[in-house]
Amino acid sequence: MGSSSDWETMKEAANIIEQFGVSFDKQVISAHRMPQEMFDFANSAADNGIKVIIAGAGGAAHLPGMIAANTILPVIGVPVQSHALSGLDSLLSIVQMPAGIPVATTAIGVAGAKNAALLALQILGITDSQVAQKLTGYRKEMHDKAVKSGETLV
Ligand SMILES: Nc1c(C(=O)O)ncn1[C@@H]1O[C@H](COP(=O)(O)O)[C@@H](O)[C@H]1O
């Protein structure tokens, strides 16, 4: 994430990945404030065994795109909700990538962070049957909860 102030949002992604028992690393790396570290991270990510990158940033959110520019690993961008423009700035900075350097972009804020984790797990689930199985269980739990909540309506 671009700043520790994003953690409130991004911890929702971390919680889900942890729940699935998948190892992950969390870091503050800013394309603006730490350009060299951002470049080094993205450049060595694949060699360091990373399979998918989730990049959360707010405002002029260049981090996901700049990471994507420096690795061929899939990058999922989470637009963190900004104070000034409620995250519309973050969303537009992340989603409008030029053809050739894709960033999978989620919804703004907490829902986006959660979906980034699930999308990353789905990517891992293509080759990891344990993760795939847990995802199926997660969906079933969600389904059953939704059905049950409907039954309580009066
Ligand atoms: N968008 C970026 C980048 C980047 O894209 O490199 N670096 C920091 N930021 C964002 O600035 C916002 C305010 O950060 P501070 O709260 O640290 O001032 C955060 O949402 C962060 O993601």
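Residues numbered from 1 in each chain as written. Predicted model: local features only at pLDDT ≥ 70, side-chain atom pairs only at ≥ 80, totals over all residues.

## Examining the environment of E151
- Locating E151 in the fold gives a position in helix α6 (residues 129-151).
- With 135 residues separating them in the primary sequence, E151 and I16 have C-alpha atoms 27 Å apart. (Helix = DSSP H or I, 4+ residues; strand = E, 2+ residues; numbered from the N terminus.)

## Points about the nonpolar core
- Core analysis: the largest hydrophobic core is formed by 34 residues, its most contacted members being I54, L63, I67, I76, A116 and A117.
- Contributions of two or more residues to this core are made by α1 (7-19), α2 (35-44), β1 (53-58), α3 (63-69), β2 (75-80), α4 (88-95) and α5 (110-125).
- Looking at this core element by element, the count peaks at 5 residues for α5.
- Excluding its chain neighbours within four sequence positions, the residues that come into contact with I76 are V52, I54, A104, T106, A116, L119 and A120. (Core = buried A, V, L, I, M, F, W, Y, C linked by C-beta atoms within 7 Å. Buried ≥ 20, exposed ≤ 12 C-beta atoms within 10 Å, placed from the backbone. Contact = placed C-beta atoms within 7 Å.)

## Topic: the pairing of β1
- The buried count for β1 comes to 6 of 6 residues, which makes it a mostly enclosed element.
- Note on the crossover from β1 through α3 to β2: the handedness is right-handed. (Right-handed = clockwise from strand over helix to strand, strands pointing away.)

## A closer look at the sheet that holds strand β3 (residues 104-105)
- Taken in spatial order, the 3 strands make up an open sheet running β1-β2-β3, and their pairing is parallel. In this open sheet, the two strands that pair with only one neighbour each are β1 and β3.
- Pairing of β1 with β2, which is carried by 6 bridges, proceeds in the parallel orientation. The residue bridging A57 from the neighbouring strand is P79, located in β2.
- Strand contacts of α4: β1, β2 and β3, with the helix running at about 160 degrees to β2, the strand carrying the most contacts.
- Against the sheet, α5 makes contact with β1, β2 and β3, and its axis sits at roughly 170 degrees relative to β2, the strand it touches most. (Pairing = 2+ DSSP bridges. Axes fitted to C-alpha atoms, helices over the stretch in contact; angles between N-to-C directions.)

## Observations regarding the site of the ligand
- Around the ligand, a shell composed of 17 residues is seen, among which G2, S3, S5, A31 and G58 lie nearest.
- Looking at side-chain class alone, the shell around the ligand contains 7 nonpolar, 8 polar and 2 charged residues. (Near = placed C-beta within 6 Å. Nonpolar A, V, L, I, M, F, W, Y, C, P; charged D, E, K, R; others polar.)

## Focus: the UniProt feature "binding site: substrate" (unreviewed entry) in the protein
- UniProt records the feature "binding site: substrate" (unreviewed entry) at S3, D6 and R33, using the numbering of this structure.
- Secondary-structure assignment places D6 in the segment before α1.
- The residues contacting D6, other than those within four sequence positions of it, are M1, G56, A57, G58 and V80.
- Here R33 is to be found in the loop between α1 and α2. (UniProt positions renumbered as here; feature names shortened; annotations may be inferred.)

## Regarding the UniProt feature "domain: PurE" (unreviewed entry) in the protein
- Here the UniProt feature "domain: PurE" (unreviewed entry) sits at residues 1-146.
- Secondary structure content for residues 1-146 is 49% helix and 10% strand, and the end C-alpha separation is 32 Å.

## Thoughts on the environment of S4
- Here S4 lies in the segment before α1.
- On the basis of neighbour counts, which here come to 9 C-beta atoms within 10 Å, the residue S4 falls in the exposed class.
- Distance from S4 to N43, taken between C-alpha atoms, is 22 Å for residues 39 residues apart in sequence.

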